[in-house]
Amino acid sequence: MNAYMRAVHRALAATGHTGLTTRQLAALVDRVEEATPHAQHLQHLQPGHATTRDRLHAAGMTCAQIGLHDEGDPEFLDALLQELAHA
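Residues numbered from 1 in each chain as written. Predicted model: local features only at pLDDT ≥ 70, side-chain atom pairs only at ≥ 80, totals over all residues. Heavy atoms only, no water.

J.: I would appreciate a short explanation of the packing of helix α1 (residues 3-15) against helix α2 (residues 22-45) in the present structure.
T.: Each pair of packed helices can be summarised by the angle the axes make with each other and by the distance between the axes. Contact pair α1 / α2: the axes reach a minimum separation of 12 Å and the direction vectors enclose 100 degrees. Considering their axes alone, α1 and α2 lie roughly perpendicular with respect to each other. Contact residues: Y4, V8 and L12 in α1; L25, L28, V29 and E33 in α2. Here the residues of the contact of α1 with α2 are counted per class, giving six nonpolar, no polar and one charged. (Axes fitted to C-alpha atoms, helices over the stretch in contact; angles between N-to-C directions. Helix = DSSP H or I, 4+ residues; strand = E, 2+ residues; numbered from the N terminus. Parallel < 35°, antiparallel > 145°, perpendicular 65-115°, else oblique. Contact = heavy atoms within 4.5 Å. Nonpolar A, V, L, I, M, F, W, Y, C, P; charged D, E, K, R; others polar.)

This is the structure we're talking about:
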């Protein structure tokens, strides 16, 4: 398992996404990879907010506008970015 997949699995455990099927995991990772540039841009626009969900809310945006599902995707994205920063 490469460093990226180890980070994915740590982020899954940190956010409670432990019961996903292979297909669900692939879809989650795809959504998060597509949304990452948007989330990083929001970090620059909304530096006073600690989470992607808070930044989206402050910008008047929804999770769907950057390709995420509302049920835990922003938290997984934050956890994955944090894990990757420490890898």
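J.: Whenever I open this one, helix α4 (residues 73-86) confuses me. Can you help?
T.: Along an α-helix, residues three or four apart share an orientation, since each turn contains 3.6 residues. With 14 residues, α4 extends 20 Å from end C-alpha to end C-alpha; this agrees with the ideal 20 Å at 1.5 Å per step. Regarding α4, the residues found buried are D73, P74, F76, L77, A79 and L80. (Expected span 1.5 Å × (residues − 1). Buried < 20%, exposed > 50% of the residue type's maximum accessible area, 1.4 Å probe, protein only.)

J.: Can you help me understand α2 in this one?
T.: For α2, spanning 24 residues, the distance from its first C-alpha to its last is 34 Å, which sits close to the expected 34 Å at 1.5 Å a residue. Along α2, the helix axis deviates most sharply at T36, where the bend reaches about 40 degrees; the proline P37 sits within four residues downstream. Along α2, the positions that sit buried rather than exposed are L25, L28, V29, R31, V32, A35, T36, A39 and L42. Check the buried side of α2 and you find it contacts α1, α3 (52-58) and α4. (Bend = angle between axes of the 7 residues up to and from the residue.)

J.: Just to check I follow, could you spell out the packing of α2 against α4 for this structure?
T.: Closest axis-to-axis distance for the α2/α4 pair is 10 Å, and the angle between their directions is 75 degrees. When the axes of α2 and α4 are compared, the pair comes out roughly perpendicular. Contacts between α2 and α4 involve L28, R31, V32, T36, A39 and Q40 on the former and, on the latter, D73, F76, L77, L80 and L81. The residue inventory of the contact of α2 with α4, partitioned by class, reads seven nonpolar, two polar and two charged.

J.: It is not clear to me how the side chain of R31 should be interpreted in this structure. Could you clarify?
T.: For R31, the location among the structural elements is in helix α2. In contact with R31, other than residues within four places in its own chain, are G67, L68, H69 and D73.

J.: Mind showing me how you'd approach the nonpolar core here?
T.: Looking at soluble globular proteins, one finds that nonpolar side chains tend to be buried together. Core analysis: the largest hydrophobic core is formed by 19 residues, its most contacted members being V8, L12, V32, L68, F76 and L80. Mapped onto this core, the elements with two or more residues apiece are α1, α2 and α4. Broken down by element, this core gets its largest block of residues, seven residues, from α2. The residues touching L12, leaving out its near neighbours within four places in the chain, are H17, T18, L20, L25, L28 and F76. (Core = buried A, V, L, I, M, F, W, Y, C linked by side-chain atoms within 4.5 Å.)

J.: Mind showing me how you'd approach the pattern of salt bridges here?
T.: Going through the model one piece at a time under the given rule, you end up with four salt bridges. Measuring nitrogen to oxygen at the nearest pair gives 2.6 Å for the salt bridge that ties R31 to D73. Here D73 lies in helix α4 and R31 lies in helix α2, a separation of 42 residues in the sequence. Across this residue pair, the class does not change: R31 and D73 are buried. It is possible to trace a salt-bridge network through shared partners that takes in R53, D70 and E75. (Salt bridge = Lys/Arg side-chain N within 4 Å of Asp/Glu carboxyl O.)

So yeah, pure geometry; function would need other evidence.
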